[in-house]
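# Understanding the architecture of this molecule
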Amino acid sequence: MKGKILILILSFVFFFTGCNVDKTICEESDDYPPISPFPKKNIHNITLYFPNKNLDYLVPEIRKVDIRNQPIEKIIIEELLKGTHNEQLTNLIPSETRLISTDIIGKIMYLNFSKELIREDLSEKEEALVLYSIINSAAQVENVDEVQILIEGETREVFYKYFTIDKPKKTSSLIVNNVYVSPISTVMEYYNNIINQDYIGVIDLFHISESENKNYYALESYFQDYYGNISKYLIKEYKISNYDKFVSVYVVLELFYNNNMDKKVQEQEFILILEDNKFEINEILNKNFFMNIK
């Protein structure tokens, strides 16, 4: 009798639990969860930066991407390499450029590109547009403050010819929807005024607040004594550290004296500050002396 009761109890339990005992799903069960051959997409908005048609500045372009299968930093750069979808924008990055790898260490993102990224036929402005289209696009990733660009796994002193990339770089908001202003133009104006002995024009290139007095007579005398014999100058090379409100420009130039009879090579670093859409001289660092006219 007891045996029949036990059999009835077990039958009752099995009837109500069936294949679901111990949470095991039986293939024949109607409760077997469906598995989709198409995993659900994870759509995310990213911002890419491309030059406008006139190559004056960068413009943000919003793009929807699926980030379910790859790191977002890799997706961002690969989308950037595909080029813009906007007819009003353009792309200066060579089409054959490949992204070799990405890595994030601390707050720095490392982007390793193929050698095809490098081209030396661009102007200073065009180089800036390519450089910051990459940096501004990449740095939108959470907790990334700086971007280091590598070429075939190696660092370079300069990107193409004008902008240094030997250290990680921050983004530039200045180049977004603002016409590019060349830092070297202020350096050239400085020396053009010297050649023309326009020392008032030289002094006016320096950033001096309204509360500070310009002693034009003393400064004019100083510049005339130091630069009075210069008859010509030639910029051999220059390197720009960044493009922001404060910019450092390293310049190597030849100075010709006494009607081009004498010549010397001068290395200078101009620290510039952007005011009213023009770079002004904050200070000049020479190899042998420091100049700050404030």
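Residues numbered from 1 in each chain as written. Predicted model: local features only at pLDDT ≥ 70, side-chain atom pairs only at ≥ 80, totals over all residues. Heavy atoms only, no water.

Turning our eyes to something else, we now look at the packing of aromatic side chains. Counted according to the given criterion, the structure contains nine aromatic pairs. Ring geometry for Tyr-132 against Phe-163: centres 6.4 Å apart, planes inclined by 85°, an arrangement best described as edge-to-face. With a gap of 31 residues between them, Tyr-132 in helix H3 (residues 124–138) and Phe-163 in the loop between strand S5 (146–151) and helix H4 (183–195) connect regions that are remote in the sequence. Phe-163 shares its class with Tyr-132; the two are buried. Residues Tyr-191 and Tyr-233 carry aromatic rings whose centres are separated by 5.3 Å and whose planes lie at 35° to one another, so their mutual orientation is tilted. With Tyr-191 in helix H4 and Tyr-233 in strand S6 (residues 230–240), this pair connects stretches of sequence that are 42 residues apart. Of the two residues, Tyr-191 and Tyr-233, neither departs from the other in class, the shared state being buried. (Phe/Tyr/Trp six-rings, centres within 6.5 Å; stacked < 30°, edge-to-face > 60°. Helix = DSSP H or I, 4+ residues; strand = E, 2+ residues; numbered from the N terminus. Buried < 20%, exposed > 50% of the residue type's maximum accessible area, 1.4 Å probe, protein only.)

The next subject is the environment of Glu-120. Inspection of the secondary structure puts Glu-120 in the loop between strand S4 (108–113) and H3. Residue Glu-120 is classed as exposed on the basis of its relative accessible area of 63%. With 39 residues separating them along the chain, Glu-120 and Phe-159 place their C-alpha atoms 9.2 Å apart.

Attention now goes to the side chain of His-207. Residue placement: His-207 occurs in the loop between helix H5 (199–204) and helix H6 (216–227). Owing to a relative accessible area of 17%, His-207 belongs among the buried residues under this scheme.

What follows concerns the confidence of the model for the protein. If pLDDT is low for a region, its predicted coordinates should not be looked at in detail. The share of residues in the protein with pLDDT of 70 or more is 82%, and the mean pLDDT across the chain is 86. Counting interchain partners and residues more than four positions distant, the pLDDT-below-50 stretch residues 19–25 has six contacts. (pLDDT = per-residue confidence, 0-100. Contact = heavy atoms within 4.5 Å.)

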